[in-house]
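# What the coordinates show
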Amino acid sequence: MRQIIIGVMGPGEKATETDVTNAYKLGELIAQQGWILLTGGRNSGVMDAVNKGAKSANGLTIGILPSENQIDISEAVDIAIFTDMGNARNNINVLSSDVVIACGMGTGTASEVALALKANKQVILLNDDDESKIFFKKLSPINIHVVESVSEAIATVQKILNSSSLQPY
């Protein structure tokens, strides 16, 4: 049976308290849907919080790490993939995800959103940064979905999956 992989991208050290709170809840709800969570895998910010949320609901988590350093990995990552590729691993993150959720915004997250759009992926923006919402929506009005809450993000993933060929088989 095909498994659905939801990529959650977001800032590490520069994540806001809102980003971290949203990320934890996203992780919980992704796991409750039976989807697999994919993140950047580090033990900071959105990456750590979303993995911990997924593990709290017995979810499966994958971390695509930028280095070969095992010290920086989130304790809530089940499957760690060490790339030693730095930020180039961002492309692996988005190409391996069926849907991408950007929780918060930073330079790394912006690069992941841009790479996802280039790959014609559906991207959900959940952040307080109005400029990023306008910018990315202008780049790809069809593939960018702006949401205001975690529950709306999950509902949007459901809608995307229901209208695509990404259903498990």
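These lines cover the structure that appears in this document, whether it is placed above or below. (Residues numbered from 1 in each chain as written. Predicted model: local features only at pLDDT ≥ 70, side-chain atom pairs only at ≥ 80, totals over all residues. Heavy atoms only, no water.)

## A short note on helix 1 (residues 17-32)
Every α-helix winds through 3.6 residues per turn, so residues three or four apart in the chain are directed the same way. Taking 1.5 Å of rise per residue, 16 residues should cover 22 Å, and helix 1 covers 23 Å from first to last C-alpha, within 8% of that figure. Along helix 1, the positions that sit buried rather than exposed are Asp-19, Asn-22, Ala-23, Leu-26, Gly-27, Glu-28, Leu-29, Ile-30 and Ala-31. Residues of helix 1 that are buried make contact with strand 1 (5-9), strand 2 (36-39), helix 2 (45-56), strand 5 (99-103), strand 6 (122-126) and helix 6 (150-162). Gly-34 occupies a position one or two residues after helix 1 and carries a positive phi of about 85°. (Helix = DSSP H or I, 4+ residues; strand = E, 2+ residues; numbered from the N terminus. Expected span 1.5 Å × (residues − 1). Buried < 20%, exposed > 50% of the residue type's maximum accessible area, 1.4 Å probe, protein only. Contact = heavy atoms within 4.5 Å.)

## Some details on the packing of aromatic side chains
Taken as a whole and assessed by the stated rule, the structure comprises one aromatic pair. When the ring of Phe-135 is compared with that of Phe-136, the centres are 5.1 Å apart and the planes differ by 70°; the resulting orientation is edge-to-face. Taking the relative accessible area as the measure of exposure, Phe-136 reaches 4% and is therefore buried. (Phe/Tyr/Trp six-rings, centres within 6.5 Å; stacked < 30°, edge-to-face > 60°.)

## Quick notes on the nonpolar core
Counting residues in each nonpolar core, the largest one holds 26 residues, and the members touching the most others are Ile-6, Val-8 and Leu-26. Secondary-structure elements contributing two or more residues to this core are strand 1, helix 1, helix 2, strand 5, strand 6 and helix 6. In this view, Ile-6 contacts Ile-30, Trp-35, Ile-36, Leu-37, Leu-38, Ser-97, Val-99, Ile-101 and Val-157; residues no more than four positions away in its chain are not counted. Counting 17 residues, the second largest nonpolar core, distinct from the first, contains Val-94, Val-100, Leu-125 and Phe-136. (Core = buried A, V, L, I, M, F, W, Y, C linked by side-chain atoms within 4.5 Å.)

## A short note on the side chain of Asp-19
Its location among the elements puts Asp-19 in helix 1. Put simply, Asp-19 is tucked away with no salt bridge, and the nearest opposite charge, on Lys-133, sits 9.9 Å away. If we skip the residues at most four places from it in the chain, Asp-19 touches Pro-11, Val-46, Cys-103 and Gly-104. (Lys, Arg positive; Asp, Glu negative; His and termini not counted. Salt bridge = Lys/Arg side-chain N within 4 Å of Asp/Glu carboxyl O.)

## As for the pattern of salt bridges
Counted by the stated rule, this structure contains seven salt bridges. Between Asp-98 and Arg-2 there is a salt bridge; the shortest N-O distance is 2.6 Å. Of this pair, Asp-98 sits in the loop between helix 3 (89-95) and strand 5 while Arg-2 is found in the segment before strand 1, placing the two residues 96 residues apart along the sequence. A residue is classified by how much of its surface remains accessible, and Asp-98, at 11% relative accessible area, is buried.

## Comments concerning the side chain of Ser-74
The topology assignment puts Ser-74 in the loop between strand 3 (61-65) and strand 4 (79-82). At a separation of 2.7 Å, a polar atom in the side chain of Ser-74 contacts the side chain of Asp-48. Aside from chain neighbours lying at most four places away, what touches Ser-74 is Gly-41, Arg-42, Asn-43, Asp-48 and Asn-51. (Polar contact = N/O pair within 3.5 Å; in protein donor to acceptor, adjacent residues only side chain to side chain.)

## Observations regarding unusual backbone geometry
Here Asn-58, not a glycine, exhibits a phi torsion of approximately 60°, which is positive. Of the residues examined, Asn-58 reaches a relative accessible area of 73% and is grouped as exposed. With a phi close to 55°, Asp-84 is a non-glycine residue in the positive phi region. Looking at where Asp-84 falls in the secondary structure, it is placed in the loop between strand 4 and helix 3.

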